[in-house]
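Single-letter residue listing:
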Amino acid sequence: PTSKEFAKGIILADRTEMGQEMTEDFSKTGLVHFLAISGTHMIVIFWLISFVLMKLFPRNLKKLAIVLSLIFIWVFTVFIDYGSSVVRSALMLTVYYSFSMLNRKPDVLHSLSLAGFILLVANTQSLFDVGFQLSFLAVLGIYWLNPSFEKLFPKPRNNFQKFFISITSVSISAQLATLPLVIYYFHQYSVLSIFVNILIVPFSEIIIIFSLLMTLLLGIGLEIKWIDWLFDRVVTILMEVIHFFSKIDWAYFENIPLSLVEVVLLFVLMYHIPNIVLKKNNKQIVIFSFFLMMTFAVRLFLNFYYNNKNEVLTMKNGKKEMLILKKKNKVFFYIPDGSDTISIKKYTVNPYLSSRRTNNYRLRFIPNNSSKVLIDGKLYNLK
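First, a word on scope: everything that follows refers to the structure included in this document. (Residues numbered from 1 in each chain as written. Predicted model: local features only at pLDDT ≥ 70, side-chain atom pairs only at ≥ 80, totals over all residues. Heavy atoms only, no water.)

**Notes on the packing of helix α4 (residues 39–56) against helix α5 (residues 62–79)**
At step 1: Following both chains from N to C, one finds α4 and α5 inclined at 140°, their axes separated by 9 Å at the closest point. In terms of orientation, α4 lies oblique with respect to α5. Pair α4 / α5 crosses with right-handed handedness. Facing Met 42, Ile 45, Phe 46, Ile 49, Ser 50, Leu 53 and Met 54 of α4, the residues of α5 in contact are Lys 62, Ala 65, Ile 66, Leu 68, Ser 69, Leu 70, Phe 72, Ile 73, Phe 76 and Thr 77.
At step 2: Looking at the contact of α4 with α5 residue by residue, the class counts come to 13 nonpolar, 3 polar and 1 charged. (Axes fitted to C-alpha atoms, helices over the stretch in contact; angles between N-to-C directions. Helix = DSSP H or I, 4+ residues; strand = E, 2+ residues; numbered from the N terminus. Parallel < 35°, antiparallel > 145°, perpendicular 65-115°, else oblique. Left-handed = near helix turned anticlockwise from the far one by under 90°. Contact = heavy atoms within 4.5 Å. Nonpolar A, V, L, I, M, F, W, Y, C, P; charged D, E, K, R; others polar.)

**Some words on the pattern of salt bridges**
At step 1: Tallying each qualifying case throughout the model produces 5 salt bridges.
At step 2: Arg 357 is paired through a salt bridge with Glu 262; the nearest N and O atoms lie 2.5 Å apart. With Arg 357 in the loop between α15 (341–355) and β6 (361–366) and Glu 262 in helix α13 (residues 260–279), the pair connects residues that are 95 residues apart, well separated along the chain.
At step 3: With its nearest N and O atoms 2.6 Å apart, the salt bridge here joins Glu 311 to Arg 356. Here the residue Glu 311 occupies a position in strand β3 (residues 311–317), and Arg 356 occupies one in the loop between α15 and β6, the gap between them amounting to 45 residues.
At step 4: Looking at Arg 356, the relative accessible area reads 16%, which means it is buried.
At step 5: A single salt-bridge network, built from bridges that share partners, covers Glu 262, Arg 299 and Arg 357. (Salt bridge = Lys/Arg side-chain N within 4 Å of Asp/Glu carboxyl O. Buried < 20%, exposed > 50% of the residue type's maximum accessible area, 1.4 Å probe, protein only.)

**Observations regarding the environment of Val 67**
At step 1: Along the polypeptide, Val 67 turns up in helix α5.
At step 2: With 27 residues separating them in the primary sequence, Val 67 and Thr 94 have C-alpha atoms 8.8 Å apart.

**Some words on the layout of surface pockets**
At step 1: The computed volume of the second largest pocket comes to approximately 270 Å³.
At step 2: What lines the second largest pocket is a set of 14 residues, and nearest its centre among them are Ile 11, Phe 72, Phe 76, Leu 212 and Leu 216.
At step 3: Of all the secondary structure elements, the ones that give two or more residues to the lining of the second largest pocket are α1 (2–12), α4, α5 and α11 (204–219).
At step 4: When its residues are assigned to classes, the lining of the second largest pocket shows 13 nonpolar, 1 polar and no charged. (1 Å grid on protein atoms, 1.4 Å probe; cavity = no way out; pocket = protein on both sides within 12 Å on 5 of 7 lines; lining within 4 Å. Points joined across faces, edges and corners; volume = space filled by probe spheres on them.)

**Regarding the packing of helix α7 (residues 108–122) against helix α8 (residues 130–152)**
At step 1: α8 packs onto α7 with a crossing angle of 170° between their chain directions and a minimal axis gap of 11 Å. Considering the angle they form, α7 stands roughly antiparallel to α8. Within the contact between the two elements, α7 uses Val 108, Leu 109, Leu 112, Ala 115, Gly 116, Leu 119 and Leu 120 and α8 uses Phe 132, Phe 136, Val 139, Leu 140 and Tyr 143.
At step 2: Of the residues that constitute the contact of α7 with α8, the class distribution is 11 nonpolar, 1 polar and no charged.

**A few points about the side chain of Ser 169**
At step 1: Position of Ser 169 relative to the elements: it lies in helix α9 (residues 159–186).
At step 2: In terms of polar contacts, Ser 169 uses its side chain to reach the side chain of Asn 146, at 2.7 Å.
At step 3: When near neighbours in sequence (up to four residues on either side) are disregarded, Ser 169 contacts Asn 146, Phe 149, Glu 150 and Phe 153. (Polar contact = N/O pair within 3.5 Å; in protein donor to acceptor, adjacent residues only side chain to side chain.)

**So, the sheet that holds strand β4 (residues 320–327)**
At step 1: Overall, mixed pairing links the 4 strands, which are arranged β3-β4-β5-β6 in an open sheet. What marks the edges here is a single partner per strand, and that holds for β3 and β6. Strand-to-strand, the axes of this sheet are offset by a mean angle of 20°, without reference to chain direction.
At step 2: Of the strand pairs in this sheet, β3 and β4 are connected by 7 bridges, and their pairing is antiparallel. (Pairing = 2+ DSSP bridges.)

**Considering the packing of aromatic side chains**
At step 1: Under the definition given, this model contains 14 aromatic pairs.
At step 2: Measuring from centroid to centroid gives 5.8 Å for Phe 333 and Tyr 352, while their planes differ by 85°, and the two rings are edge-to-face. One end of the pair, Phe 333, is in strand β5 (residues 330–336); the other, Tyr 352, is in helix α15, and 19 residues separate them in sequence. Here Phe 333 matches Tyr 352 in class, with each residue buried.
At step 3: Feature note: the residues Phe 46, Tyr 96 and Tyr 97 constitute an aromatic cluster, connected by ring pairs.
At step 4: Above the ring of Tyr 252, the side-chain terminus of Lys 28 is found at 5.3 Å from the ring centroid. (Phe/Tyr/Trp six-rings, centres within 6.5 Å; stacked < 30°, edge-to-face > 60°. Lys NZ or Arg CZ within 6 Å of the ring centre and 35° of its normal.)

Shown next, in the form of C-alpha cells:
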C-alpha cells in the first residue's frame with residue numbers, strides 16, 4: 001500500500017491516499033517538491049519519451065519525435081489537472097524546444113518569462129499562488145545562483161565528480177532561492193533539508209522512471225511479481241531514509257518568524273551573491289555587507305517591537321469563542337473545555353506565535369459557552 005501511495009503521488013500528483021506520517025516526513029525534510037509534479041518529473045518523462053521515439057524514428061524525423069514528445073507531455077499535463085508547476089514545466093519545455101526546432105538559440109530566461117506571461121494571461125490570480133511563486137523562483141534561483149556555487153567547488157577531475165558538483169550546486173541554488181518564501185508562508189524549516197535533497201535528488205530520475213513504469217503496469221492491470229518486489233524494496237528503503245531524517249528534532253525548527261520586508265531584503269542579498277563570488281571586488285562586498293546589516297537591524301527591531309507589545313484578541317474556533325492574551329513575550333490561550341487542542345495548535349497557536357515572534361505560551365481551559373473570563377482580577381468579554 002505504501003508503494004502504491006508513493007507511485008500515485010510522484011507520477012499522478014494524487015496524495016489523497018497518502019498517510020499523514022508520510023506527508024509530514026516529506027514536509028519536515030524539505031522533499032515535498034519530490035511528491036509534487038515539478039520540472040524534474042516533466043524533464044525526465046520528456047527525455048524518456050523522446051529517447052524512445054528517436055530510436056524508433058529515422059534521423060531525418062528528429063523534429064517529429066520532439067513534437068510528439070511535447071504532445072505527450074501536454075496530454076499528461078491535462079490528465080493530472082493543470083498544476084502550476086506542471087503547466088510551467090510543460091510551457092518551458094515547449095518554448096525551449098520550439099527555439100531549437102526553429103534553429104534559434106534556446107534561452108532559459110525567455111522560456112521562463114514566456115511561460116509566466118502565458119499563465120498570468122490565463123489566470124492573473126496565479127501570481128498569488130504559493131506553488132506558482134515557488135516553482136518560478138526555483139528555476140530563477142538555479143539560473144542566477146548555480147554558476148556561482150559551481151565556481152566554489154574544486155575543478156572536477158572526472159564525470160562522477162562533475163555530476164556530483166552539478167547536483168549539489170543545483171540543489172543548493174533551488175533551496176536557497178525558495179527559502180525566504182518557504183519560511184514566510186510555512187514558518188518551518190529543517191537545516192538538513194539541503195543535505196537530504198543532495199542525497200535523494202541524484203536518484204530521483206531512476207525513481208521517477210521506475211514509478212512511471214509501475215503506474216503504467218498497474219494501470220493496464222499487468223502484475224509482474226519480481227518488479228513489484230523490487231519497486232517495493234526501493235520505496236521502502238527511500239521511506240526509511242526520509243523518516244530517519246525527519247525524526248532528527250534538533251534540525252527541525254517551526255514557528256520561524258519572517259516578515260515581508262525581511263523576505264525582500266533576503267532576496268536582495270541573494271541577488272548580490274554572484275557579484276561577490278564572480279567579481280570579488282571590495283565595492284560588491286561593501287554593498288552586500290550593508291544589506292546584511294540592514295536585514296539584521298530590521299529583524300532586531302521587529303523582535304523588540306513584538307516582544308514588548310501587549311494585546312487582547314478574541315476569535316472563534318468553530319462555534320466556540322476563545323481568548324488570546326499577550327503580555328510582552330508571554331502568550332496565554334484561553335480555550336473552551338473539550339476543544340481539539342491539536343487542531344488549535346496547528347491553525348491558531350502556531351500562526352499567532354510566528355506572527356508575534358515568540359514561543360513562550362500557555363494553554364488554559366475555560367468553561368464551555370462562557371461569555372466572560374476573569375483573569376488577574378480583570379473581566380474580559382468573549383463576544
